[in-house]
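Here is how the chains run, residue by residue.
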Amino acid sequence: MFKKIILQSLLILPSLLFGQFQIQGKISDKNTNESLEGASIQLLGTSVYAISDKDGSFLLEKIARNNYTLRVSYLGYSPFEQEIKLTENKSLEIQLLARVVLGEEVIVSAIRVSETSAATYSELTKKDIQEKNSGKDLPFLLNTSPSVVVTSDAGAGVGYTNFSIRGTDVSRINVTINGIPMNDSESHSVYFVDLPDLATSLDNIQIQRGVGTSSNGAAAFGASVNLQTKHLDQDPYAKLQSYIGSYNTLRNSLSFGTGLLKNKLAFDARLSKISSNGYIDRSSAELKSLYFSGGYYGKNDILKFTLLSGTEETYQAWYGIPKVRLNNDQDGMIDLAADN
């Protein structure tokens, strides 16, 4: 009897000293109680990981005594997290709540390149755009990209702005938004002043330097710039952004979305107003824009409608200023008055 007690103590001793425990459980659908095979189970911050089997069962072994966060994820279901204080073996029954997942709309791959393509390109992700978007026109978001030179008629980045890539102006750069050409059919140029605060409604930008892949719109001698608008958000949201800068530059932007409604509809909208006195005299600008997107998300298809609109009122700043104005503003004012 005494030997049996000693033997059992020796078996329990490793768990007491080293805290080797296990977590077992079952994953199922909350509404139907159907077992979910292939769900991923992980203790965050550790390498302990498991996949549920055909019965929804899982087992996590050799876990040290500690406090953990257990996370369960499965495609088509809301993620599940639970705080666990592990001082003994645990047995869990976890039920996941089904939800509709908004898939990304199909991007016409014919105008996009990848890492395996024989083309020089760079990309701005949604995070990059948000970090750089202070209210200036879209060309200034591309300013740090290779081979890009940006200009602003008013000098403050608001109003008439332009850019060139590899020395080629925008009339020889193919610019598309969701695969639709933005280049003017006559001049082949692009006027971003008509779509202020466009960057707030973008998900990503790809810049292809040199002759690009797009066959839509103007010829791409210098480059191709492909803009992709944002995808609909899963959850409702509302966001107000305000920026104040030099030369009385002011930007206000209101964005909101419904998330996915029960009838499988979702809507996003944005209203923006940007104004600036400009760096030089008589170069003020007042810009307004609207973005609206609505979509129906079925089981196997997506029907989406996107509207972009804008108005602009700008003063005459595109003729430039004399050299003396750059050196001394007051002297420039006198010289301009004398010339008139």
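The structure this text deals with has already been given above.
Residues numbered from 1 in each chain as written. Predicted model: local features only at pLDDT ≥ 70, side-chain atom pairs only at ≥ 80, totals over all residues. Heavy atoms only, no water.

J.: Would you explain empty space enclosed by the protein in this entry?
T.: All chains considered together, the criterion is met by 1 cavity of 30 Å³ or more. Roughly 60 Å³ of internal volume is contained in the largest cavity. In this structure, the largest cavity is lined by Asp153, Ala154, Val158, Gly159, Tyr160, Ser283, Ser284, Ala285, Thr314, Tyr315, Ala317 and Trp318. Per-class residue counts for the lining of the largest cavity are 7 nonpolar, 4 polar and 1 charged. (1 Å grid on protein atoms, 1.4 Å probe; cavity = no way out; pocket = protein on both sides within 12 Å on 5 of 7 lines; lining within 4 Å. Points joined across faces, edges and corners; volume = space filled by probe spheres on them. Nonpolar A, V, L, I, M, F, W, Y, C, P; charged D, E, K, R; others polar.)

J.: Quick question: what am I supposed to make of the nonpolar core here?
T.: The nonpolar side chains of a soluble globular protein tend to be buried, and buried together. Counting 24 residues, the largest nonpolar core has Leu138, Phe163, Ile205, Val225 and Leu227 as its most contacted members. Discounting residues that sit within four places of it in the chain, Leu227 has contacts with Arg112, Leu138, Thr176, Ile177, Asn178, Met182, Leu198, Leu202, Asn204 and Ile205. Counting residues in hydrophobic clusters, the runner-up holds 21 residues, among them Tyr68, Val72, Tyr77 and Leu92. (Core = buried A, V, L, I, M, F, W, Y, C linked by side-chain atoms within 4.5 Å. Buried < 20%, exposed > 50% of the residue type's maximum accessible area, 1.4 Å probe, protein only. Contact = heavy atoms within 4.5 Å.)

J.: I keep staring at a nonpolar patch on the surface and nothing clicks. Help me out?
T.: A surface patch of nonpolar side chains, about 380 Å² in accessible area, is lined by Leu240, Leu254, Phe256 and Leu271. Position of Phe256 relative to the elements: it lies in strand β17 (residues 249–257). Classification of Phe256 by relative accessible area gives partly exposed; the value is 38%. (Patch = residues over 30% accessible without salt bridge, like charges linked within 9 Å, V, L, I, M, F, W, Y side chains within 5 Å. Areas by Shrake-Rupley, 256 points an atom, 1.4 Å probe, with all protein chains shown as cover. Salt bridge = Lys/Arg side-chain N within 4 Å of Asp/Glu carboxyl O. Helix = DSSP H or I, 4+ residues; strand = E, 2+ residues; numbered from the N terminus.)

J.: What am I meant to see in the layout of surface pockets here?
T.: Over the atoms rolls a probe the size of a water molecule, and its path tells where empty space is left. Roughly 300 Å³ of internal volume is contained in the second largest pocket. Surrounding the second largest pocket, 20 residues form its lining, Lys126, Gln130, Thr200, Lys230 and Lys239 being those nearest its centre. Mapped by element, the contributors of at least two residues to the lining of the second largest pocket are α2 (126–132), β16 (237–245), β17 and β18 (265–276). Considered class by class, the residues forming the lining of the second largest pocket number 7 nonpolar, 6 polar and 7 charged.

J.: Mind showing me how you'd approach the packing of aromatic side chains here?
T.: Any aromatic ring pair is given by two values, namely how distant the centres are and how the planes are angled relative to each other. A complete count under the given rule lists 4 aromatic pairs for this structure. A ring pair is formed by Phe163 and Phe192, whose centres lie 6.0 Å apart and whose planes are at 40°; its orientation type is tilted. One end of the pair, Phe163, is in strand β10 (residues 161–165); the other, Phe192, is in the loop between β13 (180–181) and β14 (202–209), with 29 residues separating them in the sequence. Take Phe163 and Phe192: they sit in the same class, and that class is buried. Each ring, one from Tyr247 and one from Tyr279, has its centre 5.5 Å from the other, and the planes form 80°; the classification is edge-to-face. (Phe/Tyr/Trp six-rings, centres within 6.5 Å; stacked < 30°, edge-to-face > 60°.)

J.: What is the right way to read the sheet that holds strand β20 (residues 302–314) from this model?
T.: Within a sheet, each strand pairs with its neighbour through backbone hydrogen bonds, oriented either parallel or antiparallel. One open sheet accounts for 5 strands, arranged β16-β17-β18-β19-β20; its pairing is antiparallel. A strand with exactly one partner marks an edge of an open sheet, and here the two such strands are β16 and β20. On average, each strand axis in the sheet is tilted by 5° relative to the strand beside it, whichever way the strands run. Bridge analysis of β18 against strand β19 (residues 285–297) gives 12 bridges, and the strand direction is antiparallel. Of the residues in β19, the one forming a bridge with Ser276 is Ala285. (Pairing = 2+ DSSP bridges. Axes fitted to C-alpha atoms, helices over the stretch in contact; angles between N-to-C directions.)

J.: Got a minute to help me understand the sheet that holds strand β4 (residues 57–63) in this structure?
T.: Pairing is mixed across the open sheet formed by 3 strands, whose spatial order is β4-β1-β7. Both edges of this open sheet fall to β4 and β7 (90–96), since each of them pairs with a single strand only. Between one strand axis and the next, the sheet turns through 20° on average, direction left out of account. As paired strands, strand β1 (residues 21–29) and β7 are joined by 7 bridges and run parallel to one another. Residue pairing for β7: Ile27 is matched across the bridge by Ile94.

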